[in-house]
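A look at the structure
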Amino acid sequence: MKTDSRLEKVLAAGHLAVTSECGPPRGAQPDKVREKGRYLHGIVDAVNVTDNQTAMVRMSSLAASVLLKQEGLNPLYQLVTRDRNRLAMQADILGAYSLGIDTMLCLSGDHTKFGDHPMAMNVHDIDSIQLIQMVKAMRDEGIFQGGAEIKGAPKMFIGAAANPFADPFELRVLRLAKKIAAGADFIQTQCIFNVDKFEKWMEGVCARGLHKKCYILAGVTPIKSLGAARYMKTRVPGMDVPQEIVDRMASVPKEKQPEEGINICIETIERLKKVEGVAGFHIMAIDWEEKVKEIVERAGLLPRPQV
Amino acid sequence: MITAERKPLEELIEYVRPFKRILLLGCNECVTVCAAGGRKEVGLLASGLHMALLKSGSTIEIREHTLERQCDPEYVEELVPMIDGVDAIMSMACGCGVQELARRFKGKPVFPAVNTKFMGASERQGVWAERCQGCGDCLLGKTGGICPIARCAKQLMNGPCGGSTGGHCEIGDDVDCAWALIWERLKELGQEERFVEIMPAKDWRPGGGSGPRKIIREDLAE
Amino acid sequence: MDTFEPVIVAFCCHYCAYTAADMAGSQRLTYPSNVKIIRVPCSSKVDALHIVKAFEMGADGVYVAGCLEGDCHFKNGNTRAARMVDYVQKYMDEIGIERERLEMVMMSAGMGYRFAQVATEITEKIRKLGPSSIHAAICRQHVDTCAVVVE
């Protein structure tokens, strides 16, 4: 074991891990975080706490992570390189670990163009892969980027993201390999709707033995409505929603669409369970945390293992 | 070259309104090539300022002149005989030119007529695109001659983000994904292995991280 | 205002509009004398500066006349001229001159009738718009010498 992370323990014990997501509120509303957390208590092994997702200002992922920790959940602290330089990131990592956070996800972040502060500077002092290297050096070598020794090294279980659906496809496995070489312990993928393409990507991953060096959690998202399906298909960069999914959402009346979205999600999990190298699932129920329990339960992933 | 674009006329009118005589000064270098501040643009702007001020009932004398290079003291020296006759200078050069004028002519207000944009190349007639951010530690040799610092919207140094689609950047279809370009080029060169190497975190000191930069060539410096 | 006679500058391509003007003359077609023709070797030789200077010196209207699309003697000079005219129109917005005072027209060398018609139409359009604000301002400054009566 590299860390005390509960997620690491679940994965190391060979269980299919389950993570979910909590987007912090756009205001100083700690109760909102606790409310979202309550839906996920005992349902998932760790809860991703997004860091100014879609480049919109929100409560800091660090603070929201701590709030979830106080509620007895295991926060998975997300950190994007867009908003902070390496001094600020290292400081926050020390702070997070001091407050009991031991699992994190290293990202570059959505471009500010998409958010509510398009006039802000994109920092990008380092990129996501260099962030992984930095966190690993802090943990394993106990050193800062500047070379000085850390008194009390933060033992973070290090995650990274992968999008099998972005272009150029042939770089997608190579980029994963770079993230793993940099020190990623686990990976959470972009939402999978096109399972065929994901399988093709996983073949490449397994052919290089990458699934043995790192835990890969397959990302899934329940679609709320036909509109949401269409939006993700056409508007979200790097998303691959096949036409069959859109058609299937369109084939049921509006009031049945949420249920259909959940059915699709569960079927996707069932199919993904059979794919070699999948070590768990990351369920991104955006502003729909109350449905995570149903999904996890119907997918046969409850109760969560006690490790 | 350094590229620039003329500022909105409205802003420039407010700069010159208090003055009777101004010197409108072009530059024969980069801003001429990118059609922002050469002799012709000086003429166009002088005419536009004249008309806009005339409409509001005021007149101004605009002396037009274009220097070979505004960012070099020896060329700026040429202006000495003209300076006493004007109340202010409006420069159509990049920010370097404007500052050189301000340094040389202590008592004269100096105003920029253009917004200095970026170091770029001409993609085709009338189109200029950013190519370099002057990071001070060129890595083009490792990236197939395409710069991820200047051309990736997130300055990613280790490959394309999850938003790269069909060769385009996630910020817009009119922006190429720098890493898609780099990968194509590395393949053409048979240098795919370069992609696998992790590029470590960049030292930004040569890129301005340690304050304003200066080059001193001992053999040339006086 | 009744006595207002607009000053209109027409930049005419030698290969089309200028020859069309000639033809209009030989066919005894009349067109307003307000239109002052400047012969250019191609409509693309007209520079933004020429147009802006014309307005600065008191022109009430300007048009650039080039060959029909696809018929430019120099391949695509006419379409380039049209783009330049768009560009100058935007500059006119900034200066505060109505963009309708500038136009790009296209015709062939044989269109004597069209030349006269365009000249008449544009003159009438400008007459309706009245003197350009620049022309008017020049007149306010030089009341004695200016032919146009303003207000």
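Residues numbered from 1 in each chain as written. Chains lettered and ligands numbered in written order. Predicted model: local features only at pLDDT ≥ 70, side-chain atom pairs only at ≥ 80, totals over all residues. Heavy atoms only, no water.

**Quick notes on the arrangement of the chains**
There are 2 pairs of chains in contact here; the most contacts are made by chains A and B. Nothing in chain A touches chain C, and the closest approach of their C-alpha atoms is 25 Å. (Contact = heavy atoms within 4.5 Å.)

**As for unusual backbone geometry**
Residues and elements named next belong to chain A. Cis peptide bonds are those with omega within 30 degrees of zero, and the linkage from D167 to P168 qualifies with -20 degrees. Mapped onto the elements, P168 comes out in the loop between β5 (157-162) and α6 (169-182). Phi at D287 is positive, roughly 50 degrees, even though this residue is not glycine. Position of D287 among the secondary structure elements: in the loop between β8 (278-283) and α12 (292-298). The exposure class assigned to D287 is exposed, which follows from its relative accessible area of 52%. (Helix = DSSP H or I, 4+ residues; strand = E, 2+ residues; numbered from the N terminus. Buried < 20%, exposed > 50% of the residue type's maximum accessible area, 1.4 Å probe, protein only.)

**Some points on the sheet that holds strand β2 (residues 21-27) of chain B**
Two orientations exist for strands paired in a sheet by backbone hydrogen bonds: parallel and antiparallel. Residue and element names in this part refer to chain B. Judged by pairing direction, the sheet is parallel, and its 4 strands sit side by side in the order β3-β2-β4-β5 without closing on themselves. Strands with a single pairing partner mark the edges of an open sheet, and in this sheet they are β3 (61-67) and β5 (110-112). Across the sheet, the mean angle separating the axes of adjacent strands is 25 degrees when strand polarity is ignored. Sitting on the sheet, helix α3 (residues 39-55) is in contact with β2, β3 and β4 (88-91), with an inclination near 170 degrees to β3. (Pairing = 2+ DSSP bridges. Axes fitted to C-alpha atoms, helices over the stretch in contact; angles between N-to-C directions.)

**Concerning the sheet that holds strand β1 (residues 2-6) of chain B**
Residues and elements named next belong to chain B. The strand order across the open sheet formed by 3 strands is β1-β6-β7, and the pairing between neighbours is antiparallel. Every other strand in the sheet has two partners, leaving β1 and β7 (127-132) as the edge strands with one partner each. Recorded for the sheet is a direction-independent mean angle of 70 degrees between the axes of neighbouring strands.

**A word on the interface of chain C and chain B**
On the chain B side, the residues contacting the 18 residues of chain C number 16 residues. A per-residue breakdown of the area chain C buries against chain B is headed by Y91(C), E94(C) and I95(C), which together make up 33% of the total. Taken together, chain C and chain B are joined by 2 salt bridges. Here R6(B) ties to E94(C) by a salt bridge, and the two come within 2.7 Å at their closest N and O atoms. Taken together, the connections running from chain C to chain B amount to 7 residue pairs in polar contact (both at pLDDT 80 or more). Of all elements in the fold, only α2 (48-56), α3 (77-95) and α5 (133-141) of chain C reach the threshold of two or more residues within the side of chain C that touches chain B. Of the residues that constitute the side of chain C that touches chain B, the class distribution is 10 nonpolar, 3 polar and 5 charged. (Buried area = accessible area lost by both parts, 1.4 Å probe. Salt bridge = Lys/Arg side-chain N within 4 Å of Asp/Glu carboxyl O. Polar contact = N/O pair within 3.5 Å; in protein donor to acceptor, adjacent residues only side chain to side chain. Nonpolar A, V, L, I, M, F, W, Y, C, P; charged D, E, K, R; others polar.)

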